[in-house]
Amino acid sequence: MGLVAALLEILQRPTFGEVILELGMFMAPIWVAVLVGVLVGWAWKPKWAKIGPDVAASGMLLQNLSSGLASISTINPLKLQVPSCISWIKETQSPSSISCSSSSSLQLESEKSVVKDADLLYLDGLVEETDGGHTWIQMMDRSTPNMSYQAWRRDPETGPPQYRSRTVYEDATPEMLRDFFWDDEFRLKWDDMLISAETLEECPTTGTMTVQWVRKFPFFCSDREYIIGRRIWESGRTYYCVTKGVPSSSVPRRNKPRRVDLYYSSWCIRAAESKRDGRMTACEVLLFHYEDMGIPWEIAKLGVRQGMWGAVRKIDPGLRAYQKHRASEVPISRCAFMAQVNTKVDIENLRSVGSRTDLSEIEPEDSPKKPAGRNIPRFLVVGGAIALACSLDRGLLTKAVIFGVARRFGGIGKRL
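Residues numbered from 1 in each chain as written. Predicted model: local features only at pLDDT ≥ 70, side-chain atom pairs only at ≥ 80, totals over all residues. Heavy atoms only, no water.

1. A short note on the packing of aromatic side chains
Moving on, step 1. Overall, the coordinates contain 11 aromatic pairs when judged by the stated rule.
Moving on, step 2. Summarising the aromatic geometry, the rings of Tyr226 and Tyr263 are spaced 5.0 Å apart at their centres and angled 65 degrees between planes, so their arrangement reads as edge-to-face. Here Tyr226, found in strand E7 (residues 224–235), pairs with Tyr263, found in strand E10 (residues 263–272); they are 37 residues apart in sequence, far enough to count as distant.
Moving on, step 3. Between Tyr264 and Tyr290, the aromatic rings sit 5.2 Å apart at their centres with planes inclined by 20 degrees, giving stacked as the arrangement. Taken together, the residues span a long stretch of sequence, with Tyr264 in strand E10 and Tyr290 in strand E11 (residues 282–291) at a distance of 26 residues. For the pair Tyr264 and Tyr290, a shared accessibility class is recorded, and that class is buried.
Moving on, step 4. Grouping aromatic residues by their ring pairs yields a cluster made of Phe180, Phe181, Trp182, Phe186, Trp190, Trp267 and Tyr322. (Phe/Tyr/Trp six-rings, centres within 6.5 Å; stacked < 30°, edge-to-face > 60°. Helix = DSSP H or I, 4+ residues; strand = E, 2+ residues; numbered from the N terminus. Buried < 20%, exposed > 50% of the residue type's maximum accessible area, 1.4 Å probe, protein only.)

Okay, here's the thing in structure tokens:
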């Protein structure tokens, strides 16, 4: 009400010139704050986000959200690795009707794979909720006629916020969802956050791929680059899809787009009961995602919460378009083909190897310590929050919430 009263008082000035002058003075602080937010996104990089050449050469930190944000690049965090001699894991290509020929320069030897069996063990612990992590806090429960969506978040003692979601798509098969999420060529048609995608390496034996993504970020941030290692394991008709940030010596680091080193986004795809008739004609996708985008995590959490449902809703129309695309019997893309080259695994035997209570030990030992939000300069938090509010939503309520959080973390209280 105070804002409305101030505006009414300005509009009641006797001359048009005085009204314009007062409005200019009224808006100047907001525009200054927005400018600060822009400069923060373009120029500011906190000390805890810097990675020197030695670190980049040795690997990247991994412990990380992947929305349609979704859906969304680090040192391999997994210290526990399943021995390659275990007999119940066998590297196979998908159906015998599928053959694969690829130049040797693109082949990655299985033993040198950037995504290993330990990554599968880690993902399975997340799926079964036996990873020993903090309790998940529910953030969202939405649905449409063709899909239902639930999302949770938790804040580990170290590292960025982690997100878990469960999406059930009606009239979809696990194989279709597997190919859909892997198909970068088609993703460019429905994911408006993805600017470019390029395959750097691939292994025709395990299906392991290394890809480079460039994603669009809000106006106050520069775009982000991801070097992602990814691989799929199959257990029956359940698919464990791991994607994570990996080091790459073939792609030099640049100032823009800024590379995201700490990135983890993996999912489990399996058949589910339809809410319409109870038959197994639906498909469930359990997603686990976290990343360090190089901005204060409290600000990032606000952005994720604001944009989560809008991003998720775009996935379903993309999926339906993909189903029609595949029904037309056009040749599948290379990425979709690679999704069908995966590792067969007996997941029950996998779970019998080691205690699930030890899963916390396979998280990255070099994960960055969580920087205290209260130590971030106040003007950066407030300026970034204002820029975020102006770029995400035009509603006064949304802006009020963001400004309130900025005041809390900036510690400026009544001085605003």
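2. Topic: the packing of helix H7 (residues 297–313) against helix H8 (residues 315–327)
Moving on, step 1. Direction vectors running N to C along H7 and H8 enclose 15 degrees, while the axes themselves pass 4 Å from each other. Considering their axes alone, H7 and H8 lie roughly parallel with respect to each other. Contacts from Ala311, Val312 and Arg313 of H7 reach H8 at Ile315, Asp316 and Pro317.
Moving on, step 2. Class assignment for the residues of the contact of H7 with H8 results in four nonpolar, no polar and two charged. (Axes fitted to C-alpha atoms, helices over the stretch in contact; angles between N-to-C directions. Parallel < 35°, antiparallel > 145°, perpendicular 65-115°, else oblique. Contact = heavy atoms within 4.5 Å. Nonpolar A, V, L, I, M, F, W, Y, C, P; charged D, E, K, R; others polar.)

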